[in-house]
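Structural overview
For reference, the chains in residue letters:
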Amino acid sequence: MNQATPSADRHSEIWDLLPWYANSTLSDADQRTVEAHLESCTECARELSFLSGLSATMHAEEALLVPAERSLAAVTGRIDTVEAARQGRLDWRDVARIVRAKLAAGGGFRLDPALAAIALLLIVVTAWFGSSAFEPEFRTLSNVEAQASDAEPTIRLVFAGTATIDELQELLTGLGVTLVQGPSNYGVYTARIAAAPNGAQPVEVLDELRRHPLVSFAEPIPGPEAPGSAP
Amino acid sequence: MPPSAMRAPSTRNSDPGEDLILLRRVAERDREAFERLYLEYHPRVIRFLYRLTRNTETAEEVFNDVMFVVWQKASDFRGHSRASTWILGIAYRKGLKAAAKARRLRAQRPFSELELATLQEPRSMVDRRELRDWVGKALDSLPDPQRIVIELAYFLGHSCAEISEIVGCPVNTVKTRMFHARRRLRDLLPHLGAPAASPSAAEISE
Ligand SMILES: [Zn+2]
């Protein structure tokens, strides 16, 4: 029976192979089988023509020009943040400490948007890395403090959208703040607080930044001599 | 023209061995390897995601989410599949969500029967732009899982087995989705690839 009409018997089998013949992903054996069948089956030949037309039209889509560098910088910024957290430069203990300090300062406790952002980030980071993020090998503030370091306090900064370059330069120079990295895709800069020209302590510089209308976010990156933990 | 000459060029242009090495290096938190992998996958995955969402910014955001997962999960990759299949699997899952969201935002609906009756499929291959738009509309009218099988097969050039791995479903499910997608597309695009557009070898040699 099979020998009488081999191609007719195989028609539905070949029909199912056609989409994969049309995109050149069949094995050599299947490819030969399809080609043999196509010689005698006009219905399959028509279907192949349709699938090839579909494929050609889909490939004719105009080139999409999206520069990779810009988006690469964005994802690199995200990686920087989680890697900093992994290495213990950002720790939930710091958030807890800041919250306690605010509560101890008396009066009503208003959740600072910046603090909320850090808390949220930590929740997300914790979820990403699970409990392993806070296991002993994870550098915490306490063992970081034990290391001697003369690094200048590092902070993350986001400026108001209205700020001009000149205004920012004036503000930062006046406070002895140097941008060392950024902006990330989310407009976050990493900055160092050096000795302020007016002799202000890093904590005071940070407070001034937070109060400044051109600054929408200023938070320490906990680490050696972070402004928040300076004596 | 032999049938094989009509077949689509494959866009699976990465070297599987090379990708695997890069992925292993990413697992060891090698930034340079990550950047190379990023730049290698950027063009085709962005275009794939753009096709699903019709929005460049969304495609960029989703691609970055994909690569961020690659950075975090590279050490989980066990090498049971090709590196490209693994990465595209992540892109598929994120792309599916983004496509659903984009669809809601555009408040898009499939062709109504009336539109089907009144709209004329372009019969001429001359107006390629019009033809492309028409094919795009027809693809948009497919349920996302079917649409994505078509995109993976014809836009990215993957085999049935690879699609099954990327999508994370049995080969038979891919075949079923392909079957329904083809039927629907054939109804919407009856003249695509019709003999007039692709003359037979006999016609050419006449
Ligand atoms: Zn047939």
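Because the structure is a prediction, the values reported are computed rather than measured. Every chain's residues receive numbers from 1 upward, in the order its sequence appears when written. Here chains are named by letter from A upward and ligands by number from 1 upward, in the order in which they appear as written. Since the coordinates come from a predicted model, pLDDT governs what is reported: local features require at least 70, and pairs of side-chain atoms require 80 or more to be given and counted, while whole-chain, interface and lining totals use all residues. Where side-chain values are given, they derive from all heavy atoms of the structure, hydrogens and water being excluded.

**Observations regarding the overall build of chain B**
Let me state the cut-off plainly: Runs of H or I in DSSP of at least four residues are treated as helices and runs of E of at least two as strands, each being numbered from the N terminus. For every residue, the accessible area (1.4 Å probe, protein chains only) is compared with the maximum for its type, and the residue is labelled buried under 20%, exposed over 50%, or partly exposed between those bounds. Contact between two residues is taken to exist if any of their heavy atoms lie within 4.5 Å; hydrogens are not considered.
The helix and strand inventory of chain B stands at ten helices and zero strands. Starting at the N terminus and ending at the C terminus, chain B contains elements arranged as α-α-α-α-α-α-α-α-α-α. Burial statistics for chain B: of 206 residues in total, 46% are counted as buried. Of the contacts made within chain B by residues no fewer than 6 positions apart, 69% connect residues no fewer than 24 positions apart.

**Some details on the packing of helix 3 (residues 56–73) of chain B against helix 4 (residues 83–106) of chain B**
Geometrically, a packed helix pair is captured by the angle between its two axes and the distance between the axes. All names here are of chain B. For clarity, the cut-off: Helix axes are fitted to C-alpha atoms over the stretch in contact, other axes to C-alpha atoms as well, and angles between N-to-C directions run from 0 to 180 degrees. If an angle is under 35 degrees, it is roughly parallel; if it is over 145, roughly antiparallel; if it lies from 65 to 115, roughly perpendicular; otherwise it is oblique. The hand of a helix crossing depends on one turn: near helix anticlockwise from the far one by less than a right angle means left-handed, and clockwise means right-handed. Each residue gets one of three labels, nonpolar for Ala, Val, Leu, Ile, Met, Phe, Trp, Tyr, Cys and Pro, charged for Asp, Glu, Lys and Arg, and polar for the others, Gly among them.
The interhelical angle for the contact between helix 3 and helix 4, taken along N-to-C directions, is 140°, at an axis separation of 9 Å. One finds that helix 3 runs oblique with respect to helix 4. Relative to helix 4, helix 3 is oriented so that their crossing is right-handed. Contacts from Thr58, Val62, Asp65, Val66, Val69, Val70 and Lys73 of helix 3 reach helix 4 at Trp86, Ile87, Ile90, Ala91, Lys94, Gly95 and Ala98. Here the contact of helix 3 with helix 4 is composed, by residue class, of nine nonpolar, two polar and three charged.

**A look at the packing of helix 3 (residues 42–59) of chain A against helix 7 (residues 144–155) of chain B**
For the pair helix 3 of chain A and helix 7 of chain B, interaxial distance at closest approach is 9 Å and the crossing angle is 80°. Classified by the angle their axes make, helix 3 of chain A and helix 7 of chain B are roughly perpendicular. Listed contacts from helix 7 of chain B to A:Leu51, A:Leu54, A:Ser55, A:Met58 and A:His59 of helix 3 of chain A are B:Ile150, B:Glu151, B:Tyr154 and B:Phe155. Its residues placed into classes, the contact of helix 3 of chain A with helix 7 of chain B shows six nonpolar, two polar and one charged.

**Observations regarding the nonpolar core**
What counts, and what does not: The criterion is simple. A nonpolar core is a set of buried Ala, Val, Leu, Ile, Met, Phe, Trp, Tyr and Cys residues joined through side-chain atoms within 4.5 Å. The split of the chain into domains comes from an automatic or database domain assignment.
If you look at the biggest cluster of nonpolar residues, it comprises 81 residues, and the most contacted ones within it are B:Ile150 and B:Leu189. Take this core: its biggest share by element is eleven residues, from helix 2 (residues 31–53) of chain B. Viewed by domain, this core spans two of them, domain 1 (6–59) and domain 2 (68–220) of chain A, each represented by three or more residues. With 20 residues, the next largest nonpolar core counts A:Leu157, A:Leu175, A:Leu214 and A:Val215 among its residues.

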